Number of protein chains: 2
Amino acid sequence: MNLDDLLVRLGEWLKGEGPNSEIVMSSRIRLARNLDRIPFTHWADKKEKENVLEALKNALKENEFLQGGIFLLMKEIDELDRVFLLERHLVSHEFIQKPDSKAVVISTNEVVSGMINEEDHLRLQVMQSGFNLRGALDISQRIDQFLSERLNFAFSSEWGYLTACPTNVGTGLRASVMLHLPVLVFTKQINKVIQAITRLGLTARGFYGEGTEATGNFFQISNQVTLGQREEDIVDNLERIIRQVVEYEQNARQMVMSQERERITDRIRRAYGILKNAYIISSNETIELLSQVRLGVDLGIIKDIDRRQLNELFIFIQPAHLQKLEGKKLTAQQRDVKRAQLIRSKLGVV
Amino acid sequence: MNLDDLLVRLGEWLKGEGPNSEIVMSSRIRLARNLDRIPFTHWADKKEKENVLEALKNALKENEFLQGGIFLLMKEIDELDRVFLLERHLVSHEFIQKPDSKAVVISTNEVVSGMINEEDHLRLQVMQSGFNLRGALDISQRIDQFLSERLNFAFSSEWGYLTACPTNVGTGLRASVMLHLPVLVFTKQINKVIQAITRLGLTARGFYGEGTEATGNFFQISNQVTLGQREEDIVDNLERIIRQVVEYEQNARQMVMSQERERITDRIRRAYGILKNAYIISSNETIELLSQVRLGVDLGIIKDIDRRQLNELFIFIQPAHLQKLEGKKLTAQQRDVKRAQLIRSKLGVV
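Keep in mind that what you see is a predicted model, and the values were worked out from it rather than measured.

Caption draft 1: The arrangement of the pairing of strand E2 (residues 70-73) of chain A in detail. Residue and element names in this part refer to chain A. Across the two faces of E2 the burial differs, with Ile70 and Leu72 buried and Phe71 and Leu73 not buried at all. Pairing analysis gives four bridges linking E2 to strand E3 (residues 103-106), with the strands arranged antiparallel. The partner of phenylalanine 71 across the bridge, within E3, is valine 105.

Caption draft 2: How the structure looks around the packing of helix H9 (residues 307-316) of chain B against helix H11 (residues 332-346) of chain B. Residues and elements named next belong to chain B. In contact at an axis separation of 11 Å, H9 and H11 are set at 170° when each is read in the N-to-C sense. Here H11 runs roughly antiparallel to H9, going by the angle between their axes. The two elements H9 and H11 cross, and the hand of that crossing is right-handed. Taking contact as the criterion, the partners of Gln309, Glu312, Leu313 and Phe316 in H9 are, on H11, Leu342, Ile343 and Lys346.

Caption draft 3: Here's a closer look at the relation of the copies chain B and chain A. Overlaying chain B on chain A yields an RMSD of 0.0 Å, the required transformation being a rotation through 180° with an accompanying axial translation of 0.0 Å. Given the turn and translation reported, the copies of this chain are related as if by a two-fold rotation axis. Among all residues of chain B, the one whose C-alpha sits closest to the rotation axis is Gly273(B), at a distance of 2.1 Å. Same-surface contact between copies: 100% of interface residues of chain B are shared with the interface of chain A.

Caption draft 4: Representation of the sheet that holds strand E2 (residues 70-73) of chain B within the structure. Residue and element names in this part refer to chain B. If you walk across this open sheet you meet the eight strands as E2-E3-E4-E5-E1-E8-E10-E9, and the pairing is antiparallel. The outermost strands of the open sheet, each flanked by one partner alone, are E2 and strand E9 (202-205). Between one strand axis and the next, the sheet turns through 20° on average, direction left out of account.

Caption draft 5: Structural context of the environment of Ile241(B). Residues and elements named next belong to chain B. Here isoleucine 241 lies in helix H6 (residues 231-259). Considered as a pair, isoleucine 241 and phenylalanine 316 are 75 residues apart in the sequence and their alpha carbons are 31 Å apart. Once residues within four sequence positions are removed from consideration, isoleucine 241 is found in contact with Ile197, Leu200 and Leu202.

Caption draft 6: Inspection of the nonpolar core at higher detail. If you look at the biggest cluster of nonpolar residues, it comprises 219 residues, and the most contacted ones within it are Leu85(A) and Leu85(B). The contacts of Leu85(A), once residues within four sequence positions are left out, are Leu3(A), Leu72(A), Met74(A), Ile77(A), Leu90(A), Val91(A), Val104(A) and Ile106(A).

Analysis parameters
Residues numbered from 1 in each chain as written. Chains lettered and ligands numbered in written order. Predicted model: local features only at pLDDT ≥ 70, side-chain atom pairs only at ≥ 80, totals over all residues. Heavy atoms only, no water. Buried < 20%, exposed > 50% of the residue type's maximum accessible area, 1.4 Å probe, protein only. Helix = DSSP H or I, 4+ residues; strand = E, 2+ residues; numbered from the N terminus. Pairing = 2+ DSSP bridges. Axes fitted to C-alpha atoms, helices over the stretch in contact; angles between N-to-C directions. Parallel < 35°, antiparallel > 145°, perpendicular 65-115°, else oblique. Left-handed = near helix turned anticlockwise from the far one by under 90°. Contact = heavy atoms within 4.5 Å. Least-squares fit on C-alpha atoms with pLDDT ≥ 70 in both. Core = buried A, V, L, I, M, F, W, Y, C linked by side-chain atoms within 4.5 Å.

Here's what the structure looks like:
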C-alpha cells in the first residue's frame, strides 16, 4: 500500500456511522510516548532521532493494526504529499515543517496512525467513526501494551509518562471528539456551550485542530488535563460532557424543526442547490455549505446523499487532495474551478 | 372572459419569441387621446368623466381587437385586483389610486389594453413580444383610425393631438422596448450606454415603468419627444438606437463567453440552483436570479426551460398574483414562502 491508495478511498473513521454520528463526526485518542534515556525530539541530535525512528519503526511494523499499512519517511515525499497527509488528519501542522528524521505510519483503514519525532518520539492516533471513544481507547491501549513489551518508554512512578510538553505528562493521553453543531450556532447558543465546556477543563478547537477556526460548525473538543487521572477517567469525563452537548444540539434541532422549519429548510436547500450548481467555489464556502447539507441529511430534509459521501467531500475538496486528483499543481483559481467540478460530479450532477 | 382568466395564462406579448427576443423582452406603443370639447380628466367633473367613459366604452367594444375581451370599472374591483392589473402591466400606478369613473379594457390575448380616464381620456397600449415596434404601431394605428371614425378627438392643426401633459402633445405616441441587458451591467458598461441613450433624447426606466429601478437588469427605453415628428419617424429613431444597444449587449455576451465563461456560468448556475431550492424568497431576489437564469437560457447554459416559462415567473411571483393564486390575503412572510413554492413547482422540482 502506498500514499496514492488514499486517493481512491476514505478512512474508515469517516464512514459517517457509529453512535450519535448525526452530531459526533469522529472520536480520537492520541497517546504521547518517548523512549527512555533519549532526549525529547527538540533536544535530540540527528543520530539519536535516527535511533528513535529505527526502534519505533521496527516495533510498530510488527503490530497487528499496522499490518500492510504505510511507512513513510517525511523527507522522501514532496511538499504536496505532506500537505495531503495534513488534510487527511494523519499528521500535524508542526510535523510537516521540518521533514528530517520524521516518519509517519498509517494503517490500511486509517484508523491507526503514528508520527515519529514530532515533539514527542511517538504520537499515536486512533480514530473511530461516531461517538466511540471507548473503541478508540481500547485499540490505543492494545498498541501501547504491545509497544511497552518491546520498548522502554520514559516513565516516572511519580508523574507517569514523561513528555516534551508538561501539558501531556501523566497519561500522555488526549481524547477528543469532532462535533457538528450547526443548530447551536444557528440559534446563537454556541458561545454559552463553549464557555461551559472550557470551565469544565476541556478545550474547543476548529476543524483542522489547534489554532484553527470552527469552519463549517465543526468543533473539536478534547481534555486539557492528562495528569493525575486514569485513562478511563479522562475518557469517562469527556464522554459525560459530550453526551450533554449532543443533547443540547438534538434539542435545538427539534426546536428549530418545529418552530422554524421553513427558515432552516431554506438555508439547507439553498446550500445544496449552490453546491450542485457552482462552477467556481472556495474551500471555505464549500465547507460552510457542506455543513448545511450535512444538517439537511440529519434532519431528513435531504435524502439523496448520505453522510459518508459528504465526509468524502469535506476531505477531497482540500487543496492538496484536489491537486493529487488532478495529478498536477493548480493555482488557487484553478482549484476553485476543479473543486466545483468535483463537487458536482460527487453529487451526481452530470 | 373575466379577470381570473388572466390567472391561468399569460399575455401573448410574454411568449418570449419574436425578433431579438434574447434581449428585447417586449415592444410597446402607447397612444394618448382625448375627446374634443370635454376637459381633460383632472379638470372634468363626474358627469363629464362618465360621458367620456360611456363614449369610449361604446366605441372600443366594437373594435375587432377587443372582441371578447374584458371591460372593467375600476370601482367595481377590489384593491387586490387593481394591483393585479398593475403587476400585469395593464394599468399605471397613477390609475389605480382613485378608482372613480375609471375603466380598463383588455383584449383576450392582452396585446391591446386601454385605460379610460387616466390623465388623458384614453391611454391605448399595444404590446408585442420581442423587438417588434412596427407590429405594435400597426395595430395601434388601426385602432386609432377605427376610433377616429366614431369619436371626435381633441386635435389642433398646429399642435396635433392635445393631451393633459404637454410632453405628450403632437402624436400622443410613446414607443418603448423592454430590454434585458445583464452583461452590459455585469461588465459595468451600462451607465455609459444609458447616458448615450439619454443624450439621444430617449428615456430609460426600470421594469415597472416610471420611477422604478432597473431590477433584474431590465431597462424600459422610450422616446421623450412626441411633437413635430411623424409616428413612423419616432419609431424609426427608437428602433435605430435600440438596434445598437442590442448589438452592444450581444458583443458583451460574446466577449464574456470567450473570456469569462466560468465566472458567468458560475453566476447563472448558482442563481438557477437557488431558485430551484429556496423555501423563502423575496420578489427582488427572485427577479435578480430570474434575470441570471434568463441570460443562461440565452447563452445556452441552461437548456431545460425556456423564456416563456421565465416570463411567466416574472409575472406570477408578484404579490397580487401570488395572493390571487392562493385565493386569499397573505402577509409578506407568507408570500415569500408561497413564492418559493411556486418557483419550485414551475421549475419542475417535486
